[in-house]
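What follows is the residue order along each chain.
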Amino acid sequence: MNVSLKWLKTLVDIKDLQPEEIAETLTIDGIPVEHIIHPAAGIKGVVTGKILEVEKHPDAEHLVVCQLDVGQEEPVQIVTSADNVKPGQIVPAALPGARLPAKHDNSAPNGIKVGEVKIKKGKLRGVPSAGMMCSVSELLLDVNLYPDQEVEGIMILPENTPIGVDFHHAYDLDDILFEMELTPNRADCSSMVGMAMETGAIFDRKVTLPEIKVNATGESIVGRASINIEDSKFCRRFCSRLLENVKITRSPEWIENRLRSNGIRPINNIVDAANYVMLELGQPLHTYDYDKIAGHSLTLRHAHEGECLITLDKEERKLTSEDLVIADNNGVVGLAGIMGGLYSEVTDSTQNVLLEAAVFDSVSIRKTSRRFGLRSEASGRYEKGVNPVRTEDAINRVCQLLEEQGACIVANDILDEYPVLPVKQVIETTFDYINSYIGISLSNEEIINILERLHFNVESDAGNLSVTVPAFRVDLDGKQDLAEEIARVFGYANIPNTTPWSHITEGMMSIEKEAIDSIEDTLISNGFSQVLNYSFMNKDDLNKFNYNSSDEIYNAIPILNPISDEYPDLRTTLFPGLIGTLTYNLSQKNTDLAFFEVGKVYQPKELPLKDLPIEKTLVSGLMTGSIGEDGYPNNHKAYDFYDIKGVIENILNVLGIREYETIRSSCPVFHPGISADIIKDDKIIASFGEIHPATLDAYHVKKKVLGFVLHLTDLVPFINDRIQFTIIPKYPASVRDLAILVPIELTNEETKVIIEKRGGKQLEYVQLFDLYQGEQVPAGYKSMAYSLSFRAADRTLTDSDVDGWITKIVQELEKNNCKLRS
């Protein structure tokens with residue numbers, strides 16, 4: 001929408017304000033001005049001149065010599081090739097030194113070359129020419145907005161145009177236009193009256209709106225026309241009036257100029273009046289030839305499937321049952337709110353006109369407009385919302401304008417279908433709330449003044465406010481919006497900068513995030529690389545990891561629109577993705593691998609899913625190949641169980657997790673004889689070992705692979721970041737070795753428990769350093785060698801002290817069928 005500053009000044013007293021100031025303030029206050037437009041800005045030095053004489057050129061058949069009165073002492077002579085000039089016409093004359101925005105150039109598109117053209121004195125076939133008379137194209141004006149002008153011929157100005165004045169005074173080209181970029185919620189500003197009321201409120205200036213008064217002298221419309229709304233859901237109001245004995249002429253120049261300011265082409269006084277009122281009040285209207293409306297009846301309904309309509313642009317439109325239409329007794333005569341039908345249009349032969357002003361459903365208008373690719377000034381306003389309170393004023397305003405022109409007789413009475421009356425919105429608030437919400441200290445009188453400037457009805461009592469919102473402000477809802485209205489009119493720049501109160505806490509990472517960072521750092525320092533896989537899997541692949549079909553891990557959440565058939569479920573374990581990464585790298589000849597992933601797994605509470613699933617964080621990794629270092633002790637040593645065990649112990653040590661148990665693993669992913677679980681307080685916090693051979697066979701992996709999984713959710717409660725240390729002992733330790741024959745069924749952990757039980761408090765540690773089974777060991781036994789370290793905090797231990805504890809340990813071992821090796 002364009003806002004004419006000349007027009008705006010007739011409605012609100014802003015004559016002393018500069019255009020730039022108005023535009024900036026409106027933009028800051030939420031009514032954005034996208035551009036300030038100066039019409040015909042490229043025209044300089046062009047004046048109006050009256051043609052006094054037209055004579056043929058003495059030496060050129062297609063040229064004429066004209067004498068023009070341009071307001072100077074003497075007429076000026078201009079030679080032209082235009083064939084539409086006659087004595088008495090008033091034309092734009094570019095005198096020497098003038099500048100035009102375009103010139104004729106047959107090699108350029110449309111024969112016009114855009115760019116500043118300086119006018120000089122010259123001669124055409126020997127006859128002096130002091131300038132040139134201008135066409136619409138040379139002035140770079142839109143010929144569509146000047147329907148009475150020729151494209152190539154000289155532009156003929158209205159007869160009442162003053163002579164010798166700057167051309168910009170013609171057609172209001174000295175106006176300034178604001179190109180608005182209104183947000184959808186401010187539909188009330190899609191009219192000149194709306195903009196005037198908003199501008200008056202913001203600048204605290206007097207607003208003077210046109211007085212609408214109709215002198216209806218014709219016979220009543222009742223009984224001679226009818227209107228009907230089939231479904232009030234799609235039409236909130238429908239008004240109609242009858243104009244009789246109409247005289248189809250051109251509109252007054254001021255109406256045409258105001259239409260041109262918005263890019264609307266003047267057509268005739270009837271159609272122009274409807275378009276003018278749409279710009280003025282924001283209510284779209286349509287005009288019908290009354291005598292062509294079957295039954296003189298208009299009905300708002302949905303089109304019947306397959307109905308057709310030839311619209312004003314002469315295109316045939318095939319309608320659907322979703323399209324809102326205006327129909328007479330014979331069929332469709334217009335697309336509601338978008339475009340009228342060709343058959344019922346007002347033409348030069350029209351004698352009686354039926355006016356329509358209605359408020360249609362915005363959603364329906366938008367759908368139809370998009371489907372047909374038809375967007376007009378009317379449809380744009382309907383899409384944003386039209387105020388039904390102004391519908392009657394709008395149709396009466398059209399009648400008033402035409403009546404003042406002597407163009408018709410207005411029939412008495414109005415047809416008005418108003419099925420859904422608007423409900424007044426009343427917002428309850430307080431002065432204190434408004435000031436607190438904005439962060440200012442306005443007096444009660446100032447707050448009331450701003451609200452009344454915005455056309456709110458205000459009642460106050462003991463600090464409480466009851467505010468009635470005007471019908472045209474459909475964008476407001478609640479006391480917060482009301483406070484924001486006061487803030488923007490008061491001026492955002494006038495609101496002091498303050499720091500809002502908030503409950504601020506020290507920024508820190510969660511324990512889980514800190515643990516993840518520590519685990520990642522530890523794994524990377526141990527030679528691992530981090531990978532990231534999809535959070536999806538196919539639960540059928542879990543069979544390859546030896547899980548029992550009844551295991552909870554199969555309880556996966558299906559994805560409604562998976563990215564591919566390979567990944568139909570949310571993952572419940574990280575191993576499928578990691579195995580995929582492993583096999584891909586092996587296929588690329590990357591044989592020495594150590595990588596890990598930190599990721600979420602998802603477990604539903606029930607299926608189908610009703611609540612958010614349980615999310616657990618896991619850390620899993622795989623190793624295969626060798627360390628990849630030359631020389632002793634590694635020399636490309638292949639990864640084994642103790643490498644993965646050392647990595648897990650390093651992680652637990654960094655996290656401060658101690659006093660845990662290591663037992664044989666029950667995880668089916670790992671080899672049952674070469675794997676282990678870490679248990680703390682009866683919870684498995686980690687599992688590691690060789691990947692089960694059956695799993696490797698399923699994925700065609702021919703190498704030994706080791707893996708691990710850390711259950712971060714279960715592990716976090718045991719993290720202890722306190723550094724534990726003991727004082728360096730003053731006294732030396734006494735170390736003894738024991739080689740024992742241990743029954744096969746007795747594990748290392750169980751054997752250590754027996755030793756620690758009888759070793760007393762001076763037993764510092766017990767370490768297994770050799771395990772052997774062979775020909776020299778009796779059947780049913782294994783040879784296990786332990787290193788035992790004894791130390792006292794208050795003295796140096798003697799051999800007799802240590803011998804006593806060793807004797808007790810041996811006795812306890814013998815009770816459990818263990819024997820000292822001889």
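See above for the structure.
Keep in mind the model is a prediction, meaning the values are calculated, not measured. (Residues numbered from 1 in each chain as written. Predicted model: local features only at pLDDT ≥ 70, side-chain atom pairs only at ≥ 80, totals over all residues. Heavy atoms only, no water.)

Draft legend 1. Structural view of the overall build of the protein chain. Along its length, the protein chain carries 18 helices and 39 strands. Computed over its C-alpha atoms, the radius of gyration of the protein chain comes to 46 Å, more than 25% above the 28 Å expected for a compact globule of 822 residues. Residue burial in the protein chain is summarised as follows: out of 822 residues, 48% are buried. A sequence separation of at least 24 residues applies to 68% of the contacts in the protein chain between residues at least 6 apart. (Helix = DSSP H or I, 4+ residues; strand = E, 2+ residues; numbered from the N terminus. Rg over C-alpha atoms; globule rule 2.2 N^0.38 Å. Buried < 20%, exposed > 50% of the residue type's maximum accessible area, 1.4 Å probe, protein only. Contact = heavy atoms within 4.5 Å.)

Draft legend 2. Local environment of the sheet that holds strand β19 (residues 332–335). Here we have 5 strands laid out as an open sheet, ordered β12-β15-β18-β19-β20, and mixed in their pairing. The strands lining the two open edges of the sheet, one partner per strand, are β12 (226–229) and β20 (339–340). Alignment of strand β15 (residues 297–302) against strand β18 (residues 324–327), held across 4 bridges, turns out to be antiparallel. The residue of β18 that forms the bridge with L300 is I326. (Pairing = 2+ DSSP bridges.)

Draft legend 3. Just helix α14 (residues 641–655), in detail. Relative to the 21 Å expected for 15 residues at 1.5 Å per residue, α14 spans 22 Å between its end C-alpha atoms, a close match to the ideal helical length. Buried residues along α14 sit against α12 (511–525), β31 (614–624), β33 (670–680), β34 (683–691), β35 (705–711) and α16 (712–715). Looking one or two residues past α14, G656 carries a phi angle of roughly 75°, positive in sign. (Expected span 1.5 Å × (residues − 1).)

Draft legend 4. The arrangement of the sheet that holds strand β39 (residues 819–820) in detail. Here 4 strands make up an open sheet; going across it, the order is β37-β38-β36-β39 and the pairing antiparallel. A single partner strand is all that each edge strand has here, and the edge strands are β37 (763–772) and β39. Examined bridge by bridge, strand β36 (residues 734–743) and strand β38 (residues 781–790) share 10 bridges and lie antiparallel to one another. When the bridges of β38 are listed, A739 appears paired with A785. Against the sheet, helix α17 (residues 748–759) engages β36, β37 and β38, with an angle of about 40° to β38. Relative to the sheet, helix α18 (residues 799–815) contacts β36, β38 and β39, its axis offset from that of β36 by approximately 10°. (Axes fitted to C-alpha atoms, helices over the stretch in contact; angles between N-to-C directions.)

Draft legend 5. Structural view of unusual backbone geometry. The linkage connecting L607 with the following residue, P608, adopts the cis geometry, with an omega of 0°. Its identity is not glycine, yet H296 carries a phi of approximately 50°, on the positive side. A positive phi angle, near 65°, is found at D682, a position not held by glycine. By the element assignment, D682 lies in the loop between β33 and β34. Judged by relative accessible area, D682 falls into the exposed class, the value being 74%.

Draft legend 6. Expanded view of empty space enclosed by the protein. As enumerated under the stated definition, the model contains 1 cavity of 30 Å³ or more in all. There is about 40 Å³ of room inside the largest cavity. In terms of lining residues, the largest cavity is bounded by M197, E198, A201, R453, L454, H455, F472 and R473. Broken down by element, the residue count for the lining of the largest cavity peaks at 3 residues, all from helix α3 (residues 192–203). Looking at the lining of the largest cavity residue by residue, the classes come out as 4 nonpolar, 1 polar and 3 charged. (1 Å grid on protein atoms, 1.4 Å probe; cavity = no way out; pocket = protein on both sides within 12 Å on 5 of 7 lines; lining within 4 Å. Points joined across faces, edges and corners; volume = space filled by probe spheres on them. Nonpolar A, V, L, I, M, F, W, Y, C, P; charged D, E, K, R; others polar.)

Draft legend 7. Examining the side chain of E383 more closely. Within the fold, E383 resides in helix α7 (residues 377–384). The class of E383 is buried, set by a relative accessible area of 17%. Separated by 2.8 Å, the side chains of E383 and R375 make a polar contact. The residues contacting E383, other than those within four sequence positions of it, are S362, I365, R366, S369 and R375. (Polar contact = N/O pair within 3.5 Å; in protein donor to acceptor, adjacent residues only side chain to side chain.)

Draft legend 8. Seen up close, a negative patch on the surface. Negative charge collects at one region of the surface, where E661, D681, D682, E745, E749, E750 and E756 lie side by side. It is α17 that contributes the most residues to the negative patch, 3 residues altogether. Its place among the elements puts D681 in the loop between β33 and β34. (Patch = residues over 30% accessible without salt bridge, like charges linked within 9 Å, V, L, I, M, F, W, Y side chains within 5 Å. Areas by Shrake-Rupley, 256 points an atom, 1.4 Å probe, with all protein chains shown as cover. Salt bridge = Lys/Arg side-chain N within 4 Å of Asp/Glu carboxyl O. Lys, Arg positive; Asp, Glu negative; His and termini not counted. Charge placed at Lys NZ, Arg CZ, Asp CG, Glu CD.)

Draft legend 9. Up close: the side chain of S369. Positionally, S369 belongs in helix α6 (residues 362–372). Accessibility expressed as a relative area gives 4% for S369, which makes it buried. For S369, the residues in contact, after removing those within four places along its chain, are I338, L374, R375, S379 and E383.

Draft legend 10. Representation of the nonpolar core. The biggest cluster of nonpolar side chains holds 55 residues, and the ones touching the most others in it are L8, F178 and L243. At 8 residues, the largest contribution of residues to this core is made by helix α5 (residues 269–281). If we ignore the near neighbours within four places in the chain, the residues touching L8 are V3, I14, M192, M195, A196 and T199. Grouped together as the second largest cluster of nonpolar side chains are 35 residues, Y290, L309, I338 and V359 included. (Core = buried A, V, L, I, M, F, W, Y, C linked by side-chain atoms within 4.5 Å.)

Draft legend 11. Geometry of the pattern of salt bridges. Applying the stated rule across the entire model yields 39 salt bridges. Linking D172 and K6 is a salt bridge whose minimum nitrogen-to-oxygen distance equals 3.0 Å. With D172 in the loop between β10 (132–133) and β11 (177–180) and K6 in helix α1 (residues 5–11), this residue pair connects regions lying 166 residues apart in the sequence. The shortest N-O distance in the salt bridge between R186 and D475 comes to 4.0 Å. Linking R186 in the loop between β11 and α3 with D475 in the loop between β26 (464–469) and α11 (479–490), this pair joins segments that are 289 residues apart in sequence.

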